[in-house]
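Structure at a glance
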Amino acid sequence: MHDRLSPAHLAQLAKSLAADLAGEAVFDRYHAALYATDASIYEIEPVGVVFPRRVEDVVATVQFAAAHGLAIVPRGGGTSLSGQSIGAGIVIDFSRHLRSIVELDPREQTARVQPGVVLDELNAAAARHGLQFGPDVATSSRANLGGMIGNNSAGSRSIVYGKVVDHVLSLDCVLADGSRTTFGPVTTDDFHARQSGTSLEASAYRTLARLASTERDEILARFPRLQRRVSGYNLDELVPEFRQLLPVPSMVHALRQREAARHPGELFNAARLLVGSEGTLACLTEALVHLVPLPAARGVLALHFATLADAVAAVACVLPLDPSAVELFDGLIVRMARESLEYRSYLDFVVGDPESLLLVEISGDTAAEVAARIDRAQAELAGQPGLQSTVVALEPAQVAHVWACRKAALPLMMGVPGMRKPIAFVEDTAVALEHLPEFVRRFREILRANGTEGTYYGHASVGCLHIRPLLDTRDRADVERLARISSEVCDLVREFGGAMSGEHGDGLSRSYLNERMFGPRIYQAFRELKSAFDPQGIFNPGKVVEGPSPIEHLRHLPGEQTLPVLTVFDFAEQGGFAGAAAQCSGVGVCRKTLSGTMCPSFMATRDEEHSTRGRANALRRALSGKLATEELCSRELYDTFDLCLQCKGCKAECPSNVDVAKLKAEFLHHYWQRHGAPLGTRLLAQVALLNRWGSRTAPVSNWLAHLPGARWLGQWMAGIDRRRSLPRFSRQHFQGWFAQHAAPRHAATRGDVVLLDDCLTSYCEPQVNAAAVRVLEVAGYRVHLAGLPCCGRAMISKGLLDDARRLAEANVARLLPWALQGVPIVGCEPSCVLTLSDDYRDLLRGTDAQTVAGAARLIDQLLADVPPVQEPQPAAETVLLHGHCHQKALVGVGPTSQWLERTTGSKVQVVDSGCCGMAGSFGYEHYELSMQIGDRVLFPAVQTHDGPIVAPGFSCRHQIHDGTGKRAVHPVEYIAARLPQV
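Just so you know, these numbers come straight off a predicted model, no measurement behind them. (Residues numbered from 1 in each chain as written. Predicted model: local features only at pLDDT ≥ 70, side-chain atom pairs only at ≥ 80, totals over all residues. Heavy atoms only, no water.)

1. Some words on the overall build of the protein chain
We count it as follows: Only runs of H or I of at least four residues qualify as helices and only runs of E of at least two qualify as strands under DSSP, and these elements are numbered from the N terminus. We take the radius of gyration over the C-alpha atoms and set the globule estimate at 2.2 Å times the residue count to the 0.38 power. For every residue, the accessible area obtained with a 1.4 Å probe (protein chains only) is divided by the maximum for its type, and the residue is called buried under 20%, exposed over 50%, and partly exposed between those limits. A contact between two residues is defined here by any heavy atoms of the two lying within 4.5 Å. Here the open area of atoms and residues is found with the Shrake-Rupley method and a 1.4 Å probe, where only the protein chains shown may cover a residue. The charge count treats Lys and Arg as positive and Asp and Glu as negative. His and the chain ends do not count. By convention, the point assigned to a charge is CZ for Arg, NZ for Lys, CD for Glu and CG for Asp.
The secondary structure content of the protein chain amounts to 47 helices and 27 strands. Since a compact globule built from 982 residues should have a radius of gyration of about 30 Å, the 30 Å found for the protein chain is in line with a globular shape. With the principal axes as the frame, the protein chain shows a C-alpha extent of 95 × 70 × 55 Å. In the protein chain, which comprises 982 residues, the share counted as buried stands at 62%. Restricting to contacts in the protein chain with at least 6 residues of sequence separation, those with at least 24 account for 75%. Within the structure as shown, the protein chain displays about 35,000 Å² of accessible surface, and the carbon and sulfur contribution to it stands at 52%. Side-chain charges of the protein chain comprise 98 positive and 107 negative groups, with the mean position of each set lying 4 Å from the other.

Structure follows, in structure tokens:
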């Protein structure tokens, strides 16, 4: 219906709905379109998006949709692989506001949660009581419980914990007429009582009663007897005899017994009928779920195999060892992880280049028990065909590395070179374990017969492998292959008595196959159930029943064209500017909130627009022509990029390596070309000139800069928030100090080094570079100054790329002779040094820039493994280390931590603080958000720390002072102060 609505009509509808909401409603096309995609291959524009703050908002939205003939699409993290969370209606995004843990009861081992709660956040709260939510999906850092319930998710340890349906006690829901109810345990008397009356709920229960009676035999005959079946509706929950035929883990059996004791005479649990219904029957507003004990210890045995067939065949030999997980890990994932800035350091459990791995997890009550069981497993599995080597991971950090790589498997694979990508549409099949080797062999035959190959990973322990054919939907022949493969795989699954959806649900990918999989009679029962709960068909239409062809609504289509854009940066490796934006696979790692750096603005705002995915999607749509051409330089797109801090966290932490910092700089370049760069932007880009003149005129410049009138003038001219403190200029700048500095008497045993005398520390904190000179000289280096006017970091960040390129060309010419001689180019300020080593490669595109980039490194990197000539005095204290964002993204804080510990004897505590929130000029222009980001982790960590605080970043030290009143020093200052003789 909404295709016939004009923008003015939609705006009127939004205004009408917003009047009844405590939350927000967004109906303009630009912002609603950010919800047109998820992690699937599909794209459907919604009418608008509602962000409810209370259950009453959900009721009002459902009633509004019903009155206007609009669909409702419930959404959490938007990470669905099958297209469940997109549709042509009103998206209800629960993740922004309805994300509370309402109650956590350790004694009863239950939790009451709102649908927007993220799994990792629930588990962090439960872990304080030794508990967890059992199903552990790979997307745990951003998966909402509502979405997990909608999909009936499982995860790697389903051999122990089963599926979400096994952990749901009751669900509070809004029905299609706006009424509210709770679904939970139902006794025989309750069942009869709930069928009386004329309400929608009573009608639904009458349908359940009829289907339980008439379809019992058909359910027993047609439902696959597998643990990992999430296709269709859970009508099997109405037939107790069928549940007894399923393979059920012992823990799940214990949970069912506990429920039976709590609810004697229970006939069935109506909540389980809604689990896995993909938001097509009702709208979830709250859930009561089981929690289960955390294992005391876990270890992993990584089995390396020469072939996929060898790995699959070995699964049957592994299961008698009572593992808590057996995961298949494709060799392609290993190869892609080795190319990833973030994940390549996690591959300490991989030997060589295996074609497939089995990750066998053993859990137990003690670390000693786990180690002993893994030893026995190694002995019993020795001699398995194709087994090349085994690696044991027992230390928690190494075990975490294994699972970090496993959880990143999907987005890592999306980075495979070429236009064909491993796409999701038949990736979720499940068969009985005894059939798995033959099933995989036949599956590969289907792919090869259709001229392609696939990637293989997933839950081998329960016969549910995620097999993804390599296809490009921009190729018409590949679209035809997609349709054929989907149909042929369905026939294969039916032959083996399996399920098309073992974890990721039906969605737009597989709903159309449900009649073939279950037969016409069960499929008609599905239709009747849907109609009973949702007579108007407003809840997520086209999912589970009446599904479209899998080649409808594709995100990328044959003949797809993108706007030609002549870029300053080199985007050749990403397939151009549009290709760099389209690298986003939609899996939503950027929506994590508990760890890492990416994405600081999303962590603070919880707004999809201000996530890496949101920005990439907005730019992709503008470049694809799906928005008006002028959108490429629109104010809306500017606002989308404006809150990007250019921390580069996404370049490393996004497994698909979407580099939004680079995309933003290029976008701003084109935006300024169209609209002209304002004075404030040009002033802030000239930070080197401002600092140089500020130093020359100090202390007068400091006095003037801190006058109240100057604060107002700074806000008016350059957008500098008057609440933000300004750096103080030093009259005795670093270059002046160095000119008077006497070289040491001892020989420069390590040769020459060039120090990047950056414009931040040189004029505002000259003691930092002075300390660097002292430390380098003590280490045996002869120090020369780079003497660059500026590295161009501020110009790049502000999108003044023509100016930045000219400056970079001059800088490379000045530094090239040193680099060609093999002389290291080092610096103390991460943003400046890493501009040379990272941005210059794409800005200049030549071999000279590559040479200089290869020579540039942080002083920490150079000296981490170089013992000083004179041993420093040990410091018996704990140092809190906050790393700079660019440093964390591109080189890590490991060298800094190691250098501090080795040279001072101090214990270093690295705080997982993400971005400090300052990010160059960002904290001056966006004060409130900047402080909110800092207050997430960094400020509390600093305020509760009694010892020294070190931070390599100039902006970070400034932010720490403004946010906590404490002073942080550069690591080189901390070390230099402890050298006995300098």
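The rest of the description comes next.
2. Section: the pattern of salt bridges
The condition is simple: Think of a salt bridge as a Lys or Arg side-chain nitrogen and an Asp or Glu carboxyl oxygen that are within 4 Å of each other.
Within the structure shown, the criterion is met by 66 salt bridges. Ionic pairing is found between arginine 256 and glutamate 237, a salt bridge with its closest N-O pair at 3.6 Å. Here the residue arginine 256 occupies a position in helix 11 (residues 250–262), and glutamate 237 occupies one in the loop between helix 9 (216–222) and helix 10 (240–245), the gap between them amounting to 19 residues. Glutamate 237 sits in the buried class, given a relative accessible area of 4%. Between glutamate 445 and arginine 441 there is a salt bridge; the shortest N-O distance is 2.4 Å. Taken together, the residues span about one helical turn, with glutamate 445 and arginine 441 both in helix 18 (residues 436–449) at a distance of four residues. Glutamate 445 sits in the partly exposed class, given a relative accessible area of 40%.

3. Quick word on helix 37 (residues 801–820)
Put simply, the rule reads: Multiplying 1.5 Å by the helix residue count minus one yields the expected span of that helix. We define the bend at any residue as the angle between the axes fitted to the seven residues before and including it, ending there, and the seven starting there.
Between its terminal C-alpha atoms helix 37 stretches 26 Å, which fits the 28 Å expected from 20 residues at 1.5 Å a residue. When the local axis directions of helix 37 are compared, the greatest deviation, roughly 35 degrees, occurs at arginine 814, which is followed within four positions by the proline proline 817. Taken together, the buried positions of helix 37 are Leu801, Ala804, Leu807, Ala808, Asn811, Val812, Leu815, Leu816 and Ala819. Of the surrounding elements, those touching the buried residues of helix 37 are helix 28 (660–675), strand 21 (751–756), helix 36 (793–797), strand 23 (825–827), helix 38 (830–844) and helix 39 (847–855).

4. Side note on the environment of valine 416
Summarising the element assignment, valine 416 is placed in the loop between helix 17 (409–413) and strand 18 (421–422). Sequence spacing of valine 416 and isoleucine 720 is 304 residues, and the spatial spacing of their C-alpha atoms is 43 Å. Leave out the neighbours within four places in its chain, and valine 416 touches Leu332, Met336, Lys421, Pro422 and Leu470.

5. A look at a nonpolar patch on the surface
Applied cut-off: The residues that make up patches have over 30% relative accessible area and no salt bridge, and they are joined within 9 Å when like-charged or within 5 Å when they are Val, Leu, Ile, Met, Phe, Trp or Tyr.
A cluster of nonpolar side chains, namely Val700, Trp703, Leu704 and Leu707, defines an oily patch on the protein surface of about 390 Å² accessible area. Here valine 700 lies in helix 31 (residues 700–705).

6. Overview of the environment of valine 753
Relative to the assigned elements, valine 753 resides in strand 21. What makes valine 753 buried here is its relative accessible area of 0%. For the pair valine 753 and arginine 516, spaced 237 residues apart in sequence, the C-alpha to C-alpha distance is 71 Å.

7. Side note on the side chain of serine 611
Counted only if it meets this: Think of a polar contact as two N or O atoms within 3.5 Å of one another; within protein, one of them needs to be a possible hydrogen donor and the other a possible acceptor, and neighboring residues in sequence only count if both atoms come from side chains.
Along the chain, serine 611 turns up in the loop between helix 24 (600–605) and helix 25 (612–624). A distance of 2.8 Å separates a polar atom in the side chain of serine 611 from the backbone oxygen of glutamate 608. What serine 611 contacts, discounting residues up to four positions off in sequence, is Cys590, Cys599 and Phe602.

8. Here's the deal with the nonpolar core
Our working definition: Put simply, a nonpolar core is a bunch of buried Ala, Val, Leu, Ile, Met, Phe, Trp, Tyr and Cys residues held in one set by side-chain atoms that sit within 4.5 Å of each other.
Residues Phe133, Leu171, Phe183, Leu235, Leu303, Leu358 and Phe526 are the most contacted members of the largest nonpolar core, which totals 138 residues. No other element matches the eight residues that helix 3 (residues 55–68) contributes to this core. Look past the residues within four positions of phenylalanine 133 in its chain and what remains in contact with it is Leu119, Leu122, Asn123, Leu145, Met148, Val164, His167, Val289, His290 and Leu291. By size, the runner-up hydrophobic cluster in this structure holds 115 residues, among which are Tyr30, Val73, Cys584 and Ala698.

9. As for the side chain of threonine 61
Summarising the element assignment, threonine 61 is placed in helix 3. Polar contacts involving the side chain of threonine 61 include one to the main-chain carbonyl oxygen of aspartate 57, which spans 2.7 Å. In this view, threonine 61 contacts Leu17, Leu21, Val50, Ile72, Ile90 and Ile92; residues no more than four positions away in its chain are not counted.

10. What about the sheet that holds strand 4 (residues 90–93)?
Stated precisely, the cut-off is as follows: Following DSSP output, two strands are said to pair if at least two bridges run between them. Interaxial angle, 0 to 180 degrees, is taken between N-to-C directions of lines fitted to C-alpha atoms, where a helix line uses only the stretch in contact.
Strand order in the open sheet formed by four strands is 1-2-4-3, with mixed pairing between adjacent strands. Whereas interior strands pair on both sides, the edge strands pair on one side only; in this sheet they are strand 1 (24–26) and strand 3 (72–75). Averaged over all pairs of adjacent strands, the angle between their axes in this sheet comes to 20 degrees, without regard to strand direction. In the sheet, strand 3 pairs with strand 4 via four bridges, with the strands oriented parallel. Residue pairing in the sheet places arginine 75 in a bridge with aspartate 93 of strand 4.

11. A few points about unusual backbone geometry
Omega for the bond connecting methionine 598 with cysteine 599 falls within 30 degrees of zero, at -5 degrees, which places this linkage in the cis form. Mapped onto the fold, cysteine 599 is located in the loop between helix 23 (576–582) and helix 24. Geometrically, the link from alanine 698 to proline 699 is a cis peptide bond, its omega value of 5 degrees lying close to zero. If you trace the backbone, proline 699 turns up in the loop between helix 30 (687–696) and helix 31. A positive phi angle is found at asparagine 540, which is not glycine, with a value near 45 degrees. Mapping asparagine 540 onto the fold places it in the loop between helix 22 (520–533) and helix 23. The exposure class assigned to asparagine 540 is buried, which follows from its relative accessible area of 1%. A positive phi angle, close to 55 degrees, is found at glutamine 646, a residue other than glycine.

12. What to know about the packing of helix 26 (residues 635–642) against helix 28
Stated formally: By convention the crossing between two helices is left-handed if the near helix lies anticlockwise of the far one by an angle smaller than a right angle, and right-handed if it lies clockwise.
Here helix 26 crosses helix 28 at 145 degrees, and the two axes come no closer than 10 Å. You can see that helix 26 and helix 28 cross each other, and the crossing is left-handed. Of the residues in helix 28, those touching helix 26 at Arg635, Leu637, Tyr638, Phe641 and Asp642 are Val660, Leu663, Lys664, Phe667, Leu668, Tyr671 and Trp672.

13. Examining the sheet that holds strand 23
Read from one edge to the other, the open sheet built from four strands follows the order 22-21-23-24, with strand pairing classed as parallel. Each having just a single partner strand, strand 22 (781–785) and strand 24 (856–858) make up the two edges of the open sheet. Averaged over all neighbouring strand pairs, the angle between strand axes comes to 40 degrees, with direction disregarded. In this sheet, strand 24 lies alongside strand 23 in parallel orientation, the contact comprising three bridges. Its bridge partner being in strand 24, glycine 827 is matched across the sheet by leucine 858. The strands touched by helix 35 (residues 766–778) within the sheet are strand 21, strand 22 and strand 23, with strand 21 carrying the most contacts at an inclination of about 170 degrees.

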